[in-house]
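Each chain is listed here by its residues.
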Amino acid sequence: MTLSRRGVLGLAGAVGSAGAMGALGAAGPAGTARTAGTAGTAETIGTAGAKGTVGTPGTAGAAGAAAPRAAGRVRTGFERLAADGYAVLAGQRVGVVTNPTGITPDARHLVDVLHADERVDLVAVFGPEHGFRGTAQAGDSEGASRDPATGLPVYDTYGKSGQRLADVFTAAGIDTVVFDIQDVGARFYTYIWTLYDCMRAAALAGKAVVVLDRPNPVGGRRAAGPVLERPYAGFVGREPIALAHGMTAAELARLFNGEFLGAAPVRLTTVGMSGWRRGSFFGETGLPWVPPSPNMPTPDTALAYAGTCLFEGTNLSEGRGTTTPFEVLGAEGIDRRWAEAANALGLPGVWFREAYFTPTFSKHMGKVCGGVRLIVHDREAFDPVRAGIGLLVTARRVWSGFGWRPDHWIDRLTGSDRVRKLIDAGAGVEEVADDWAAGLARFEAVRARYLLYP
């Protein structure tokens, strides 16, 4: 069912991370290819105003089969690549970085489609966190294997970067790395850093990278939240971008290549979508949703995730082990006062409902937890960053058992220690948001140079 932009959805969120951008270079106008570092190292294909065009929307799909048509449906980068006969991959030995989200509109997996097409020499598959088939929980992967459907070797990228990952690409015997994974728009969702690590490794190994674009399911009208400070970098944030970045994978790849890969950018091609606009939510794309990780079951989860995942840095449950992870939050001993305090903030576009749940795994497993459920009644008015911070502020105020994780994981999630220290000092939502405003403004100026869609 296609959801309207206004109306009760049952969820939301997107929160940020703190800091400064560092040295940021200039870039070409949105919709054009920007050469980063060395002339000819990057090009963008298939978006309005971009170099070249891959395919025509609605033409023949992968392996010669016509893709199903839907009025107003978004065409992904893979569809446009297939419609052009895979010209970008001609003569290349190809490896694909993907997971269960790498599908066609009729739910075939792109690895199966590419393997069956004699125009593509597909020789390897690379799995990210959660694995190629998506069976592993957070912080884990499936390891190396052989895909039973195609017989292709599957290499594990999780935990690998730099020369170690470059050596994997070399051992796989590939010329080009193709990336196609559905992101959810939050800086600490690790697939964008798998992309970043693959770009760095490909540059070291002398390989090319092709990014096939997919929608940002929570829209891309703006960035939100604090920007990562470099001392807090890690796999939940390699570089200083806003936590809710408001970009697609192809746009991020362009930004990574132009701003962060320095004097050694990768040979990058991005294949854009058609029909996607920055104000669109996933329900408006006409595309099927496949959970990109075990605890991301629906687009509603993605709406909530960037804000509610901050509770991974606390002793409260973020809803793992329930049917609505990241949509419900709580712990033993919390009652209606939390929802009342959160609603009293008057945050636009969202209500907080008193909720009770029993996680089957993760924090508070088997215990009845009291807490809140987010209900977003107006996505356009809703400010997910302030909602996430507001929930942290009010949880600390109303529940005497509130605590940060001892390892201060919240600092990794927000991108610095500033959010934690401000909340501990009694700061309110607007005071916390004001603290990151200058860094966010700098990031937004840089972000604007790499956007591909209206």
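Residues numbered from 1 in each chain as written. Predicted model: local features only at pLDDT ≥ 70, side-chain atom pairs only at ≥ 80, totals over all residues. Heavy atoms only, no water.

Overview of the sheet that holds strand E5 (residues 153-156)
Phase 1: The strand order across the open sheet formed by eight strands is E1-E10-E7-E6-E2-E3-E5-E4, and the pairing between neighbours is mixed. The two strands at the open ends of the sheet, each matched to only one other strand, are strand E1 (42-45) and strand E4 (145-146).
Phase 2: Looking at chain direction, strand E2 (residues 93-98) and strand E3 (residues 121-127) are connected through five bridges and run parallel. Its bridge partner being in E3, Gly95 is matched across the sheet by Ala124.
Phase 3: Against the sheet, helix H3 (residues 162-172) touches E2, E3, E5 and strand E6 (176-180), its axis set at about 150 degrees to E3.
Phase 4: Helix H5 (residues 249-260) rests against E1, E6, strand E7 (208-212) and strand E10 (267-271) of the sheet, and its axis sits at about 160 degrees to E10. (Pairing = 2+ DSSP bridges. Helix = DSSP H or I, 4+ residues; strand = E, 2+ residues; numbered from the N terminus. Contact = heavy atoms within 4.5 Å. Axes fitted to C-alpha atoms, helices over the stretch in contact; angles between N-to-C directions.)

A few points about the pattern of salt bridges
Opposite charge on two side chains permits pairing when their charged atoms draw close.
Phase 1: One pass over the full model with this rule turns up 21 salt bridges.
Phase 2: Arg119 is the salt-bridge partner of Asp117, the closest N and O atoms lying 2.8 Å from each other.
Phase 3: We classify Asp117 as buried; its relative accessible area is 6%.
Phase 4: Among the salt bridges present, the one from Arg238 reaches Asp197, with a minimum N-O distance of 2.8 Å. You can see Arg238 sitting in the loop between strand E8 (224-227) and strand E9 (242-244) and its partner Asp197 sitting in helix H4 (residues 191-205), a full 41 residues away along the chain.
Phase 5: Accessibility expressed as a relative area gives 24% for Arg238, which makes it partly exposed.
Phase 6: Owing to a relative accessible area of 4%, Asp197 belongs among the buried residues under this scheme.
Phase 7: Here the salt bridges do not stand alone but share partners, grouping Glu312, Glu318, Arg320 and Lys363 into one network. (Salt bridge = Lys/Arg side-chain N within 4 Å of Asp/Glu carboxyl O. Buried < 20%, exposed > 50% of the residue type's maximum accessible area, 1.4 Å probe, protein only.)

A few points about helix H11 (residues 429-447)
Phase 1: By the largest-angle criterion, Ala437 marks the main kink of H11, which is about 45 degrees.
Phase 2: Here H11 has its buried residues at Val429, Val432, Ala433, Trp436, Gly439, Leu440, Phe443, Val446 and Arg447.
Phase 3: At its buried positions, H11 is contacted by E8, E9, H5, helix H8 (384-398) and helix H10 (418-424). (Bend = angle between axes of the 7 residues up to and from the residue.)

Observations concerning empty space enclosed by the protein
Where empty space is left becomes clear once a probe the size of a water molecule has been rolled over the atoms.
Phase 1: Overall, the coordinates contain seven cavities of 30 Å³ or more when judged by the stated rule.
Phase 2: Along the walls of the second largest cavity sit 14 residues, with Thr101, Ile103, Arg214, Leu287 and Pro288 positioned nearest its centre.
Phase 3: Here the residues of the lining of the second largest cavity sort into eight nonpolar, four polar and two charged. (1 Å grid on protein atoms, 1.4 Å probe; cavity = no way out; pocket = protein on both sides within 12 Å on 5 of 7 lines; lining within 4 Å. Points joined across faces, edges and corners; volume = space filled by probe spheres on them. Nonpolar A, V, L, I, M, F, W, Y, C, P; charged D, E, K, R; others polar.)

Details of unusual backbone geometry
Phase 1: We note that Ala107 has phi near 70 degrees; this positive angle belongs to a residue other than glycine.
Phase 2: By secondary structure assignment, the location of Ala107 is in the loop between E2 and helix H2 (110-116).
Phase 3: Of the residues examined, Ala107 reaches a relative accessible area of 55% and is grouped as exposed.
Phase 4: Although it is not a glycine, His408 sits at a positive phi angle of roughly 55 degrees.
Phase 5: Relative to the helices and strands, His408 is located in the loop between H8 and helix H9 (409-414).

So, the layout of surface pockets
Phase 1: In this structure, the largest pocket occupies an estimated 420 Å³ of space.
Phase 2: What lines the largest pocket is a set of 25 residues, and nearest its centre among them are Glu129, Ala138, Gly139, Glu312 and Arg320.
Phase 3: Across the lining of the largest pocket, the residue classes tally to 13 nonpolar, six polar and six charged.

What about the confidence of the model for the chain?
Should the pLDDT be low somewhere, the predicted coordinates at that spot are not to be read in detail.
Phase 1: A residue-level look at the chain finds 84% of positions with pLDDT of 70 or above and a mean pLDDT of 86.
Phase 2: A low-confidence stretch, residues 1-40 stays under pLDDT 50, and its non-local contacts, those more than four residues away or across chains, total 165 contacts.
Phase 3: When the criterion is pLDDT under 50, residues 48-71 qualifies, and its contacts beyond four places in sequence or with other chains add up to 60 contacts. (pLDDT = per-residue confidence, 0-100.)

What about the pairing of strand E11 (residues 328-331)?
Phase 1: Along E11, one buried face is formed by Val328 and Gly330 and the opposite face, lined by Leu329 and Ala331, is buried too.
Phase 2: Taken together, the four bridges between E11 and strand E13 (residues 369-376) define a ladder with antiparallel strand orientation. Residue pairing across strands places Leu329 opposite Val372, the latter belonging to E13.

What to know about the packing of H3 against H4
Two quantities define a packed helix pair, namely the angle between the axes and the distance from one axis to the other.
Phase 1: Where H3 contacts H4, the two axes come as close as 8 Å, and the packing angle between them is 70 degrees. Comparing their axes, H4 and H3 come out roughly perpendicular. Crossing angle aside, the handedness with which H3 passes H4 is right-handed. From H3, Gly162, Gln163, Leu165, Ala166, Phe169 and Thr170 reach across to H4, where they touch Asp197, Cys198, Ala201, Ala202, Leu204 and Ala205.
Phase 2: Residue composition of the contact of H3 with H4, by class: eight nonpolar, three polar and one charged. (Parallel < 35°, antiparallel > 145°, perpendicular 65-115°, else oblique. Left-handed = near helix turned anticlockwise from the far one by under 90°.)

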